[in-house]
Amino acid sequence: MMRSNKMWISIMLMTIALLLTGCNRKGQSEKSRIDNLNEGLLTYQREQIQLNLPFRTLDGACFIDETAYFMGITQAEGREEFSLFQVLAADGTSESLPGYEPVQFPEGVDAYPVFCKLRPANDGSIWSIEQFVTISEQTGSNVLLLRQLNSAGQEVYRLEMKGLDDYQDICSSMDGTVLVNQGGGISFWDSNAKMQSKLDGQNIDREDFIILGDGRIGILMKSNDSCSLKTIDSTAMTWGESFSLPSTVSRVYHGGGDALFYFLDGDILYLMRAGSDAGEPVLNWSNCSIDGRYVLDFSFLDDGRIEVLARGSHGPELFMLTPSASQAEKIELTLGAVGVASNLRKMVLEFNNSNSLYHISVVDYEQGGVSHSQATTRLATEIVTGNMPDIVCLDGLSSRSLETSGYLENLWPYIDEDPALGRENLMLRPLQAAEVGGSLYRISDSFTIRTVAGSKETLGDKTGWTTADVEAALASMPDGCTAWGRFGTKQEMLFQTLYNIDRFIDWDRGVCNFDSEEFKSILAYCNSFPDTVAEDTTDPHGYAAICNRQQMLLPVSVSSPLSVVQDQTLFRNNVTYIGYPTNDKNTGSWFQLPTALAISSSCANKSGAWEFLRTMLLPRENIDPLHSFGLPINRKDFEQLMDLAMLSETYEENPTRYILLRNGNYEISYEGRAITLEEREQLLDLYDRSTGLFGLEDSIINIVTEQAGAYFAGDRSLDDTVAAIQSRVGLYLAELQ
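Predicted model, so just to flag it, every value in this text is computed and none were measured.

**Q** When you look at the pairing of strand β24 (residues 315-324) in this model, what are you seeing that I'm missing?
**A** The two faces of the sheet receive side chains in turn, since in a regular strand these alternate between them. Most of β24 sits out of view: eight of its 10 residues are buried. With seven bridges connecting them, strand β1 (residues 43-49) and β24 associate as antiparallel partners. Note on β24: the bridge partner recorded for threonine 43 is serine 324. Examined bridge by bridge, strand β23 (residues 306-312) and β24 share seven bridges and lie antiparallel to one another. From the neighbouring strand, leucine 309 faces β24, where its bridge partner is leucine 318. From the end of β23 to the start of β24, which pair antiparallel, there are two residues.

Take a look at the structure:
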């Protein structure tokens, strides 16, 4: 949409008014990142506007000032066609635009609408992209129409583009040139639908064009460590001005008024002004009970409210946001994370929308494009200065250090005293694996089991083994077979060993045993591997090598019943989960708790924090074996998942082929199917045998890999290496006590 100056001024005035009546709840003069998260930003009450629209599928949506426009496929006289409706969010009334006429094709041509898109134009009109499949005389083709429509829906311009199959987005510039994002670059087309030139561009495959406040066209360009908005000079057919953005920016939006454009970083929406090199925070979507990743468009109203279009499960949804000082209406809690996973955002959104007493604001310490290490330093600084979030996501953190230093709350009492929970209603082994000194500091809604898979034909029914056993088994494999494939390097094998670092550390007592014979023998085993192995780009995961018996073992994550079906495919329906070699023949299979959450011991409202955490342990409304990632912690859900996974009807109603590897005509794939009773018992046996927690402690990993590097290079003996590791890690643990 094109956003006016008065809309932006109205929201700023509303913000200032509420700030004058607010106060710092921590009562501290120096603001933390948590305080800065919401400084100057309003909290909003969310109301969903019910849409009574006749679409079979709804694809296109945008705002023009205060009006929302929707385009989708409707049924008319036995045929399907695109229709255009407008909705006033103020009262939810909708009507079909009287001037809009569906595209008519010549007699004898059957046309089927496929997809559409809407975009606001600078002059208040609408651009629609309408895609059809046409069939005439047994010949089919794609037809793409770019249409400009006035406020009544009447067509004022049309450009037909035939045979354009490879495109992400289309946009018309002010000089009439049509721009097409074709994945690897931007192509320029004239008014006769003739391509005039093409501009190479990387990292724009899935991006849409936006219209800046000054009328220029721009597109987001992202790589792993950089991000920018690049404008396009449609006259010179070259790249124009570039705006550097934080690498964590996920989306950009049209500008208008004082805003050159808007961008989304984490949950925060920023405004970029002309002449500025940094964005200004406008609002925090988590304070609006909206997942910012799904916001398509928004419109600031004169009275301070905001209309929002967001992507829903069945198409765009419409919301009205009304400013409110929610700290007075809800108790505010903060959740801090180094990177926020999509499932965590969803949990927070659902909680904020359903709980009338508490509201959770998410603090993403990676926001702003900082590195992982910088983000963890940010969080560590908050902790030591007394500004720790109420709830902490432990993913990516050296969490054992937090758990042993008194910063986190023991959660067993909360579970035991919760009338809807209790230990008997949970799958306890993953939680027990996470304990430190009998206390539980983290929970998750699910768990996976990290283990090593192989063939029973080669390995038999072992449930634990040593590195010597690995070598003995390898001797029975065909010539040229490796044990670990791409994992078979010194450093990678060392990491595999350190994934369950708890077996070398007694966190409760603050002591370690890296000078044990077990660790010495494992370190010597790691040193038997090369520094590097040749990368096979045609088989990046080693699946083909496994199937062709050129690789004996595969590290796997068992996260659902379908995991067993996949592993059976790779190992000729003869898979066994033997685990990592441990050299004491204990099982080398470990639990992993994804999106593990903890409550800060300094949290002022622990009961409120528990209200959120307990939702992870309660029974789910729907259990779906086809789309389950993670085995449920809730016992009822776990048993239901196992039962559904054994029903053939589950998979017959939704037949799905899973492709593991495709290389030319060579394919490794499997059909989703019900697991057998034997496979169910195999999964349950793996659960019963798994011990310990899978995870990395960065501080200790850095010590071990640094010291082991000298040994791997031949500059230090094995005994001296383990002695140095024992000493350094011992000092680190002593500092934590």
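Okay, back to it.
**Q** What am I meant to see in the nonpolar core here?
**A** One recurring pattern in soluble globular proteins is that nonpolar side chains are buried together. Of all hydrophobic cores here, the largest spans 134 residues; its most connected members are Ile443, Phe447, Trp484, Phe514, Phe612 and Ile700. Element by element, the count of residues in this core is highest for helix α18 (residues 698-712), at seven residues. Among residues more than four places away in sequence, those in contact with phenylalanine 447 are Met427, Pro430, Phe591, Gln592, Leu593, Pro594, Gly630, Leu631, Pro632, Ile633, Phe638 and Tyr687. The next biggest cluster of nonpolar side chains, apart from the first, holds 21 residues, and it includes Ala259, Leu264, Cys288 and Phe300.

**Q** Teacher, can you tell me more about the sheet that holds strand β25 (residues 331-337) here?
**A** One key point about sheets: their strands pair by backbone hydrogen bonds, in either a parallel or an antiparallel sense. One open sheet accounts for four strands, arranged β26-β25-β27-β34; its pairing is mixed. The strands lining the two open edges of the sheet, one partner per strand, are β26 (358-364) and β34 (597-599). Between one strand axis and the next, the sheet turns through 25° on average, direction left out of account. As paired strands, β25 and β26 are joined by seven bridges and run parallel to one another. When the sheet's bridge partners are listed, glycine 336 is paired in β26 with valine 363. Helix-sheet contacts for helix α3 (residues 342-354) involve β25, β26, β27 (391-393) and β34, and the interaxial angle to β26 is about 155°.

**Q** Help me understand the environment of asparagine 702 in this model?
**A** Looking at where asparagine 702 falls in the secondary structure, it is placed in helix α18. Judged by relative accessible area, asparagine 702 falls into the partly exposed class, the value being 49%. When the C-alpha atoms of asparagine 702 and glutamine 196 are compared, they prove to be 55 Å apart, with 506 residues separating the residues in sequence.

**Q** Which parts of the structure should I look at to understand the sheet that holds strand β14 (residues 209-211)?
**A** Here four strands make up an open sheet; going across it, the order is β14-β15-β16-β17 and the pairing antiparallel. Where the open sheet ends on each side, the last strands, each with one partner, are β14 and β17 (238-245). Averaged over all neighbouring strand pairs, the angle between strand axes comes to 35°, with direction disregarded.

**Q** Help me understand helix α19 (residues 718-736) in this model?
**A** Each α-helix turn comprises 3.6 residues. Residues three or four places apart therefore point the same way. Helix length check: α19, at 19 residues, gives a terminal C-alpha distance of 27 Å against a target of 27 Å (1.5 Å per residue), a fit within 8%. Buried within α19 are the following residues: Thr721, Val722, Ala724, Ile725, Gln726, Val729, Tyr732, Leu733 and Leu736. On its buried face, α19 sits against α5 (399-403), β29 (505-506), β30 (511-512), α11 (517-527) and α18. Looking at where α19 begins, the residue whose side-chain oxygen comes 3.1 Å from the main-chain nitrogen of aspartate 720 is serine 717.

Conventions we followed
- Residues numbered from 1 in each chain as written.
- Predicted model: local features only at pLDDT ≥ 70, side-chain atom pairs only at ≥ 80, totals over all residues.
- Heavy atoms only, no water.
- Buried < 20%, exposed > 50% of the residue type's maximum accessible area, 1.4 Å probe, protein only.
- Helix = DSSP H or I, 4+ residues; strand = E, 2+ residues; numbered from the N terminus.
- Pairing = 2+ DSSP bridges.
- Core = buried A, V, L, I, M, F, W, Y, C linked by side-chain atoms within 4.5 Å.
- Contact = heavy atoms within 4.5 Å.
- Axes fitted to C-alpha atoms, helices over the stretch in contact; angles between N-to-C directions.
- Expected span 1.5 Å × (residues − 1).
- Polar contact = N/O pair within 3.5 Å; in protein donor to acceptor, adjacent residues only side chain to side chain.

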